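Per-entry structural report
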Amino acid sequence: MRILLIGRSGQLGTSLLSLETKHEWIAPTRCELDIGDSHSVLQAIEKYKPDVLINTAAFHNLPACEETPENAFAVNCVFVKNVAHACKSLGVLFVTFSSDYVFDGKKSEPYTEHDKAAPIQMYGISRLAGECAALSIAPENTLIIRTCGLYGKKGAASKGGNFVDNRVKDALEYKEFDMGNDQIVSPTSALDLARAVLSLIEHPKHGYGIYHLVNEGACTWYEFTCSIIDFLDLDTKVQPIDRGGLSGNMRRPCYSVLANTRARALGITLPHWQDALREYLADKYLADEHLLAKLPIRD
């Protein structure tokens, strides 16, 4: 397949491009494809004639979404709507992404693709709006993939890195720090997500609509952090703290574990989050002598 990728420099985009595949990848830079210009996307599709367009661009800084919701909607909804229109008009499979934050967190078991969405902050609202826009425009050639707690080697520029690397930075700076234990999530490796995305679009019976793709299992951010510290044997302590799902005045779902129900039915599975985390840490830190030498290892 010929695949047009939007968002080549992000966590997921770089992970997709790192995979060895038989596909032809076309990954324009931001200068070559302006997500603020709908005609730019249409021109790119007409120029490259892809079989698949994968959109990984997103506005996902949660505080910024609350402060400037118009920016969140411009990227997470309006841009998605425009790309869906372009893909439909030219017969291109459209793959775009959404979030566990479309749910309110009141459930106590993993959310399936059929559960009712009820976001409780502007980020989740903008993501759900993008889902609705794409599916209303191009229901027969759109795949929407919801994921959770994404971390990849590249890191998220708007967040100053990814969760894993930021916790390693905390260990370098502090002998002890707090981490919330009030949210239960499905942290997901960008590399595992990339592998699953390709398996999905390559599957002859993938169908269309919404899929959940996350690493298996569930944990709190406190438990996830403790696993990072323990696996790297870092000399720091993590204290659990219950914030009641609040980040300042913004609410986060206290339970947003996703079930990969539809993907599993196709035989597409992702590793457990602990295995994914070990792979990430071993590849990024333990395999790099310079990084490893900087870590505060326990005596």
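Provided above is the structure to which this section pertains.
Structure report, in brief. These numbers come from a predicted model, not from an experiment.

1. Concerning the overall build of the chain
Of regular secondary structure, the chain possesses eleven helices and 14 strands. Along the first, second and third principal axes, the C-alpha set of the chain runs to 60 × 40 × 40 Å. With 299 residues in all, the chain has 51% of them scored as buried. When the accessible area of the chain is evaluated, it comes to approximately 13,700 Å², of which 50% is carbon and sulfur surface. Where the 31 positive side-chain charges of the chain centre and where its 37 negative ones centre are 4 Å apart.

2. Quick notes on the sheet that holds strand E4 (residues 93–99)
The six strands lie next to each other as E2-E1-E3-E4-E5-E10, forming an open sheet whose pairing is parallel. At either margin of the open sheet sits one strand with a lone partner, and together these are strand E2 (24–26) and strand E10 (209–212). Strand after strand, the sheet turns through a mean of 25° between neighbouring axes, direction not considered. Summarising the sheet, strand E1 (residues 2–6) and E2 pair through three bridges and their orientation is parallel. Note that in E2 the partner of Leu4 across the bridge is Ile26. The sheet strands contacting helix H1 (residues 11–18) are E1, E2, strand E3 (52–55) and E4, and the helix crosses E1 at an angle near 155°.

3. Quick word on the nonpolar core
In terms of nonpolar packing, the biggest core is built from 33 residues, with Val164, Phe224, Ile228, Leu232, Leu277 and Leu281 touching the most fellow members. Taken together, the elements giving at least two residues each to this core come down to helix H6 (163–173), strand E7 (176–180), helix H8 (221–232) and helix H10 (273–286). Contacts of Phe224, omitting those with residues within four sequence positions, involve Tyr151, Phe163, Val164, Pro187, Cys219, Trp273 and Leu277. Judged by nonpolar contacts, the second largest core, of 25 residues, contains Phe97, Leu143, Leu198 and Leu200.

4. A word on helix H4 (residues 69–90)
When the terminal C-alpha atoms of H4 are compared, their 31 Å separation across 22 residues agrees well with the 32 Å that a helix rising 1.5 Å per residue should span. Within H4, burial applies to Ala72, Val75, Asn76, Cys77, Phe79, Val80, Val83, Ala84, Ala86 and Cys87. In this structure, the buried side of H4 is in contact with E1, helix H2 (38–48), E3, helix H3 (62–67), E4 and helix H5 (122–137). Gly91 lies just past H4 and shows a positive phi near 70°.

5. Considerations on the packing of aromatic side chains
Counted according to the given criterion, the structure contains eight aromatic pairs. Consider the rings of Tyr151 and Phe224, whose centres lie 5.8 Å apart with planes at 50°: the pair is tilted. Separated by 73 residues along the polypeptide, Tyr151 in strand E6 (residues 150–151) and Phe224 in helix H8 bring together distant segments of the chain. For Phe224, a relative accessible area of 1% corresponds to the buried category. Each member of the aromatic cluster is reached from another via a ring pair, and the members are Tyr151, Phe163, Trp221, Phe224, Trp273 and Tyr280. The cationic tip of Arg167 hangs over the ring face of Phe163; the distance from NZ or CZ to the ring centre is 4.6 Å. Between Arg262 and the ring centre of Tyr211, over which it is positioned, the NZ or CZ distance is 4.0 Å.

6. Examining the pattern of salt bridges
Working definition: two side chains of opposite charge can pair if their charged atoms are close together. The full count for this structure, using the stated rule, is 13 salt bridges. Ionic pairing is found between Asp165 and Lys284, a salt bridge with its closest N-O pair at 2.6 Å. One end of the pair, Asp165, is in helix H6; the other, Lys284, is in helix H10, with 119 residues separating them in the sequence. Under the relative-accessibility criterion, Lys284 is labelled buried at 18%. The shortest N-O distance in the salt bridge between Asp170 and Arg167 comes to 2.8 Å. Remark: Arg167 and Asp170 occur in helix H6; sequence separation between them is three residues, near one turn of the helix. The residues Asp170 and Arg167 share a single accessibility class, namely buried. Salt bridges sharing partners connect three or more residues here, namely Asp192, Arg195 and Glu279.

7. Focus: the pairing of strand E5 (residues 142–147)
Among the six residues in E5, six count as buried, and that is most of the element. Burial of E5 is two-sided: the residues Thr142, Ile144 and Arg146 facing one way and the residues Leu143, Ile145 and Thr147 facing the other way are all buried. Both E4 and E5 contribute to a ladder of six bridges, which runs parallel. Residue pairing across strands places Ser99 opposite Thr147, the latter belonging to E5. Each parallel crossover has a hand, and the one from E4 via H5 to E5 is right-handed. As defined by bridge partners, E5 adjoins E10 across four bridges and the pair is classed as parallel.

What counts as what
- Residues numbered from 1 in each chain as written.
- Predicted model: local features only at pLDDT ≥ 70, side-chain atom pairs only at ≥ 80, totals over all residues.
- Heavy atoms only, no water.
- Helix = DSSP H or I, 4+ residues; strand = E, 2+ residues; numbered from the N terminus.
- Buried < 20%, exposed > 50% of the residue type's maximum accessible area, 1.4 Å probe, protein only.
- Areas by Shrake-Rupley, 256 points an atom, 1.4 Å probe, with all protein chains shown as cover.
- Lys, Arg positive; Asp, Glu negative; His and termini not counted.
- Charge placed at Lys NZ, Arg CZ, Asp CG, Glu CD.
- Pairing = 2+ DSSP bridges.
- Axes fitted to C-alpha atoms, helices over the stretch in contact; angles between N-to-C directions.
- Contact = heavy atoms within 4.5 Å.
- Core = buried A, V, L, I, M, F, W, Y, C linked by side-chain atoms within 4.5 Å.
- Expected span 1.5 Å × (residues − 1).
- Phe/Tyr/Trp six-rings, centres within 6.5 Å; stacked < 30°, edge-to-face > 60°.
- Lys NZ or Arg CZ within 6 Å of the ring centre and 35° of its normal.
- Salt bridge = Lys/Arg side-chain N within 4 Å of Asp/Glu carboxyl O.
- Right-handed = clockwise from strand over helix to strand, strands pointing away.

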